[in-house]
Amino acid sequence: MDNKTLELTKRLIACPSVTPNDAGSQNIIRKELSNLGFSFTDMQFNDTSNLWATRGTGAPHFVFAGHTDVVPPGDAASWNSDPFEPTIRDGKLYGRGVADMKGGIAAMIVAVQEFIAENPNFPGTISFLITSDEEGPAHDGTIRVLEQLKKDNVKIDWCIVGEPVSQKTLADTMKLGSRGSLHGVVTFTGRQGHVGHAQRAINPVHATMAALLELTQIEWDKPTSDFPATSFQITRLHSDSGAENVIPETISCRFNLRFSPSISPDDIKARILEVLNTKQSLPYEIQWRISGVPYLSKRGKLT
């Protein structure tokens, strides 16, 4: 990482921008791009900050897309250094968001700085689409900006998203598509009771484990040259009676499936419901949310 990219990355990491709080990181980006002659449109939707920056006119329209928000750092005591204090150890930069994706944003900005220095009168348009809501619900981030751009008849020819996809060395992998993302929360209801009289209770934890285990073992589809296989991943299990000697009444399971175009959300939902209806007998409620649909970009000039 060259010094310019490194220093800009460190400045961005120092902003504790946990979704959807931007924490000043987009102001840093704005200043860097302002020095290059970019014009700006702020698109604030609820508590999400979105930055749309543009330089040039006409086609081709080349867009760099990314996000300044990061996932929560967890227990800071488990880090070897403050997650929001960029630290170099053994030649590596540590901090929340180094890879995903403040380092990518810094690299894109420095690349544009160098490009404009060599090509000040380049033909076409360069834009940046930066959001503070990618790691969270993503309701008011990139999707809302794209909806507004569509209303404004803004056409994008090429787009690069600076997400970290390299495997062993920088830029050894480029993604031309994305899997869909299906979220679910299912809550099972048993019967609360004292552990000393377990025969009078229905423990929802015990009653649902077989069904949940089966869901994790289903072969939903086959991997392809473009996408890995779909998998069912439990991201949270919660059951609590409030006392150590009381069987809880409910258990809640939050899960996610990243799925390829070879399987539909409706197929996934039907399979999950089949397992829940046949492998356990407790009443349950389930909520679904699709945060993205799968796509695969056509091979073309940019790729």
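Here, every reference points to the structure presented above.
Residues numbered from 1 in each chain as written. Predicted model: local features only at pLDDT ≥ 70, side-chain atom pairs only at ≥ 80, totals over all residues. Heavy atoms only, no water.

**Topic: the overall build of the chain**
Working step 1: The number of helices and strands found in the chain is six helices and 15 strands.
Working step 2: Taken over the C-alpha atoms alone, the chain extends approximately 80 × 45 × 40 Å along its principal axes.
Working step 3: Sorting the 303 residues of the chain into buried and exposed places 37% on the buried side.
Working step 4: Looking at the chain alone, contacts between residues at least 24 apart form 72% of all its contacts between residues at least 6 apart. (Helix = DSSP H or I, 4+ residues; strand = E, 2+ residues; numbered from the N terminus. Buried < 20%, exposed > 50% of the residue type's maximum accessible area, 1.4 Å probe, protein only. Contact = heavy atoms within 4.5 Å.)

**Remarks on the sheet that holds strand S7 (residues 158–161)**
In sheet architecture, strand pairing relies on hydrogen bonds along the backbone and comes in two forms, parallel and antiparallel.
Working step 1: One open sheet accounts for five strands, arranged S1-S2-S6-S3-S7; its pairing is mixed. Whereas interior strands pair on both sides, the edge strands pair on one side only; in this sheet they are strand S1 (39–42) and S7. Across the sheet, the mean angle separating the axes of adjacent strands is 20° when strand polarity is ignored.
Working step 2: As defined by bridge partners, strand S3 (residues 61–67) adjoins S7 across four bridges and the pair is classed as parallel. Counted as the bridge partner of phenylalanine 64 is isoleucine 160 from S7.
Working step 3: Its contacts with the sheet put helix H4 (residues 142–151) on strand S2 (50–57) and strand S6 (124–131), and the angle it makes with S6 is roughly 145°. (Pairing = 2+ DSSP bridges. Axes fitted to C-alpha atoms, helices over the stretch in contact; angles between N-to-C directions.)

**What to know about the pattern of salt bridges**
Working step 1: In this structure the tally under the stated criterion is 10 salt bridges.
Working step 2: Linking glutamate 114 and lysine 4 is a salt bridge whose minimum nitrogen-to-oxygen distance equals 3.5 Å. With glutamate 114 in helix H3 (residues 98–118) and lysine 4 in helix H1 (residues 3–13), this residue pair connects regions lying 110 residues apart in the sequence.
Working step 3: Among the residues examined, lysine 4 registers a relative accessible area of 45% and is labelled partly exposed. (Salt bridge = Lys/Arg side-chain N within 4 Å of Asp/Glu carboxyl O.)

**Some points on the packing of aromatic side chains**
Working step 1: Under the defined criterion, the tally for this structure stands at eight aromatic pairs.
Working step 2: Both rings, one in phenylalanine 188 and one in tyrosine 284, keep their centres 6.0 Å apart while their planes meet at 55°; by these two values the pair is tilted. With phenylalanine 188 in strand S9 (residues 180–189) and tyrosine 284 in strand S14 (residues 284–292), the pair connects residues that are 96 residues apart, well separated along the chain.
Working step 3: On the accessibility criterion, phenylalanine 188 (0% relative accessible area) is buried.
Working step 4: Note on phenylalanine 232 and phenylalanine 255: the rings are 4.8 Å apart at their centroids and 25° apart in plane angle, and the pair reads as stacked. On the criterion of sequence distance, the pair formed by phenylalanine 232 in strand S11 (residues 231–238) and phenylalanine 255 in strand S13 (residues 250–259) is long-range, its members being 23 residues apart. The residues phenylalanine 232 and phenylalanine 255 share a single accessibility class, namely buried.
Working step 5: Joined through ring pairs, the aromatic side chains of Phe38, Phe62, Phe64, Phe128 and Trp158 make up one cluster.
Working step 6: When the ring centre of tyrosine 94 is taken as reference, the NZ or CZ atom of arginine 89 above it lies at 4.0 Å.
Working step 7: The ring of phenylalanine 45 is capped by arginine 144, whose NZ or CZ atom sits 4.1 Å from the centre of that ring. (Phe/Tyr/Trp six-rings, centres within 6.5 Å; stacked < 30°, edge-to-face > 60°. Lys NZ or Arg CZ within 6 Å of the ring centre and 35° of its normal.)

**Remarks on the pairing of S3**
Strand residues, when the strand is regular, have side chains that alternate between the two faces of the sheet.
Working step 1: Taking burial as the measure, the seven residues of S3 include seven buried ones, the bulk of the element.
Working step 2: Side chains of S3 alternate between two faces, with His61, Val63, Ala65 and His67 and Phe62, Phe64 and Gly66 buried alike.
Working step 3: Pairing geometry for S3 and S6, over seven bridges, is parallel. Considered in S6, the bridge of alanine 65 is made with leucine 129.

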